[in-house]
Amino acid sequence: MTGAYPVRDSATMLRRNLLHLRRYPGLSLFPILMPVVFLLLFVYVFGGTLGDGLEVSGGRSAYVDFLTPGMLTFTVAVAANIVAISVAMDMTEGIIARFKTMRIWRPSVLAGHVLGNLLLAGVSLAVVIAAALLVGYRPAAGPLEWLAVAGLLLLVAVALTWLSVALGLLAKSVESASNLPMFLFLLPFLGSGFVPVDSMPAGLQWFADNQPFTPITDTLRSLLSGERVGSSGTMAVAWCLAITAGAFLWAVHLYNRRPGNRA
Amino acid sequence: MSGARPPAIAVAGLRKSYGATAVLDGVDFTVARGTVFALLGPNGSGKTTTVNILATLLAPDDGAVRVAGRDVAREADAVRDVIGVTGQFAAVDDLLTGRENLALMADLLHLPRADAGLRIDALLDRFDLLDAADRTAATYSGGMRRRLDIAMTLLGDPEIIFLDEPTTGLDPRSRRAMWEIVRGLVNDGTTVFLTTQYLEEADQLADHVAILDGGRLVAQGTPAELKARIPGGHIGLTFPDRSAYRVAAGVLEAPARDEDSLALQVATNGNVATVRHVLRELDEAGVEVESLSIHTPDLDDVFLALTGRPATSESEDGSR
């Protein structure tokens, strides 16, 4: 017998998770549709008023341009919530114990969840970008900027997905796993995602300036509008790498600690 | 098979505690290759913990635990190559079909695709799952799930199979089907390590039985050896009227009396000579016997004698 097969085992687990997403459309359609609903809500209900606050008589079209980068981070956060639920569902099943008694690359179970969720996030992002373009979003980004946007969104998705995997492992039940990552939905609102930070009261403004979603959103916004990315770019990447490293170690620790058998 | 091969399982001085609670407190046993070993005990006696340690899911605190000659803690992957585990809760993926569950195992075992397809069909057929092969496991009955679970375990051709309470929660027909499966495995040369709360199951299947109670083995041996160790065998007699009862009670050696129901019990090891002797004595005294029954001790008697409790105790949390 040869040693471990990290790529092959992870690919097997990814196929398993993709089948799960197909068989459980409630789980896979939610993160695709919910950001679109929010996009339409914000553009058509709040957008007219909020856009006038951004620039004189900016209206709805000004707000679409401001909102879309924030919606992208929100979309990644919504998709990440799903992985916490599916990891927690897995951990209540005896099959995880079976995997642990087999000679397979141990992190492949988690890797399968992460890869599956990245694909889900990719689909959700494509749908929300298409919806934004349909409601009048006109980004000024060239091919290089789009590539940078894709790269940063991938980093964000990897970070939030590992964090959600850890939260899913931490949860004692599937119900609490669906609630634990809820704060990820809120963070884009408490940053520069939906309104400019300088419109907030002082305390909130301090929080918004110092939380990861603000530099991430600012970087995406600069890239998409064809402006120069300032120091927020470095901050955004640093946040993503730090969250990924911490969440990865935490998740692996939790996975190995769990007896792997609910009995 | 050469006699020089190590036993399938060798456990010496096994200890495991959760916090201050000793779940296994010095357990020793050996399982010979190609045999069925049943670990018997009430809920909470440490059966599942033992299986989890043997199956490399849990590390022992102390003791030497070797499976197929390999140390479960230091050579876990070598142990994983030769074992198959079917836990108390069916380890199948509910959202996958029966066939997809088996294909998942084949991929994780790194079996060649073409080969795997044939083996999967053969297993589905053998476990009577062909018709349900393309339905998700969530739609299966308890017995079907357990059969799929075993089929998944067998796909890797394990030398040693752990079955943790394989018939808990199954209806009598599915239980008998499971017994046939276990017998079939042993005929193929597989070693089976089985835990159960059902004494009848151990009696039916096992070559060797060990009784676990409060983290210690209180007895082990063949079912026959264990039954021979305890009293409990008797001939039960009932009589048509009080006078016959009184005469019989005077003739027989030290019977246990129950005058109200006109019944006597004579202790016996169950052999024919004793029965014949009792009947001759009664014949000679001209006593009419209404009914006669022979009770041989079963593992329930053994369990009661050894632990002071009936085997089917009320269920606690089955976790340890």
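Residues numbered from 1 in each chain as written. Chains lettered and ligands numbered in written order. Predicted model: local features only at pLDDT ≥ 70, side-chain atom pairs only at ≥ 80, totals over all residues.

Explain the overall build of chain A here, please?
Counting its secondary structure elements, chain A contains eleven helices and zero strands. Along the three orthogonal principal directions, the C-alpha set of chain A runs to about 70 × 35 × 35 Å. Evaluated residue by residue, chain A yields a buried proportion of 46% over its 263 residues. Nonlocal contacts in chain A, meaning residues at least 24 apart in sequence, comprise 77% of its contacts between residues at least 6 apart. (Helix = DSSP H or I, 4+ residues; strand = E, 2+ residues; numbered from the N terminus. Buried ≥ 20, exposed ≤ 12 C-beta atoms within 10 Å, placed from the backbone. Contact = placed C-beta atoms within 7 Å.)

Where do I start with the sheet that holds strand β11 (residues 234–238) of chain B in this structure?
Sheets are built from strands that pair by backbone hydrogen bonding, the pairs being arranged parallel or antiparallel. Residues and elements named next belong to chain B. Here we have four strands laid out as an open sheet, ordered β12-β13-β11-β14, and antiparallel in their pairing. One side of each edge strand has no neighbouring strand; the edge strands of this open sheet are β12 (256–258) and β14 (291–295). With direction set aside, neighbouring strand axes in the sheet form an average angle of 15°. Summarising the sheet, β11 and strand β13 (residues 263–267) pair through five bridges and their orientation is antiparallel. When the sheet's bridge partners are listed, His-234 is paired in β13 with Ala-267. (Pairing = 2+ DSSP bridges. Axes fitted to C-alpha atoms, helices over the stretch in contact; angles between N-to-C directions.)

Before we go on, may I ask you to explain the pairing of strand β9 (residues 208–213) of chain B in this structure?
Two faces make up the sheet, and in a regular strand the side chains alternate between them. Residue and element names in this part refer to chain B. Of all six residues making up β9, five are buried, and the element is well covered by its neighbours. With four bridges joining them, strand β3 (residues 36–40) and β9 adopt parallel strand pairing. Paired with Phe-37 across the bridge in β9 is His-208. In this sheet, strand β10 (residues 216–221) lies alongside β9 in antiparallel orientation, the contact comprising five bridges. Paired with Asp-213 across the strands is Arg-216, a residue of β10. The loop that links β9 with its antiparallel partner β10 comprises two residues; one of these, Gly-214, has a positive phi angle of about 55°.

How should I be thinking about the interface of chain A and chain B in this particular structure?
Opposite the 24 residues of chain A that make contact, chain B presents 28 residues. Every element with two or more residues in the side of chain A that touches chain B is listed here: α1 (6–23) and α4 (95–100) of chain A. No other element matches α1 of chain A, which puts seven residues into the side of chain A that touches chain B. Taken together, the residues that form the side of chain A that touches chain B break down as ten nonpolar, six polar and eight charged. (Nonpolar A, V, L, I, M, F, W, Y, C, P; charged D, E, K, R; others polar.)

Just to check I follow, could you spell out the domain arrangement of chain B for this structure?
When the parts of a complex come together, some accessible area is lost, and that lost area is often taken as the interface size. Taken domain by domain, chain B comprises domain 1 (9–225) and domain 2 (234–299). Centre-to-centre, using C-alpha coordinates, domain 1 of chain B lies 45 Å away from domain 2 of chain B. (Domains from an automatic or database assignment.)

Just checking my understanding: could you explain the packing of helix α3 (residues 98–108) of chain B against helix α5 (residues 142–154) of chain B for this structure?
The relative placement of two packed helices is expressed as an angle between their axes plus a distance between the axes. All names here are of chain B. It is at 9 Å that the axes of α3 and α5 come closest, and there the two elements cross at 25°. The pairing of α3 with α5 is recorded here as roughly parallel in orientation. Where α3 crosses over α5, the handedness of that crossing is right-handed. In this structure, α3 uses Gly-98, Asn-101, Leu-102 and Met-105 to contact α5, whose residues at the interface are Leu-148, Ala-151 and Met-152. Residue composition of the contact of α3 with α5, by class: five nonpolar, two polar and no charged. (Parallel < 35°, antiparallel > 145°, perpendicular 65-115°, else oblique. Left-handed = near helix turned anticlockwise from the far one by under 90°.)

Teacher, can you tell me more about α5 of chain B here?
One full turn of an α-helix is made of 3.6 residues, so residues set three or four places apart face in the same direction. Residues and elements named next belong to chain B. Taking 1.5 Å per residue as the helical rise, α5 with its 13 residues ought to reach 18 Å, and the 18 Å between its terminal C-alpha atoms agrees with that figure. Burial within α5 is extensive, with eleven of its 13 residues counted as buried. Those residues of α5 hidden inside the fold are in contact with β6 (83–86), α3, α4 (113–126), β7 (160–164) and α6 (172–187). (Expected span 1.5 Å × (residues − 1).)

Would you mind going over the pairing of strand β8 (residues 191–196) of chain B with me for this structure?
All names here are of chain B. Within β8, six of the six residues are buried, leaving the element largely enclosed by the surrounding structure. When β3 meets β8, the two strands line up parallel, connected through five bridges. In the strand pairing of β8, Leu-40 is matched with Thr-196. Tracing the backbone out of β7, into α6 and back to the parallel element β8 gives a crossover that is right-handed. (Right-handed = clockwise from strand over helix to strand, strands pointing away.)

Sorry, what's going on with unusual backbone geometry here?
Excluding glycine, residues mostly carry a negative phi; peptide bonds, for their part, are mostly trans. Residues and elements named next belong to chain B. Even without glycine at this site, His-110 takes up a positive phi of about 60°. Looking at the element boundaries, His-110 is found in the loop between α3 and α4. A positive phi is found at Asp-157, a non-glycine position, where the angle reads about 50°.

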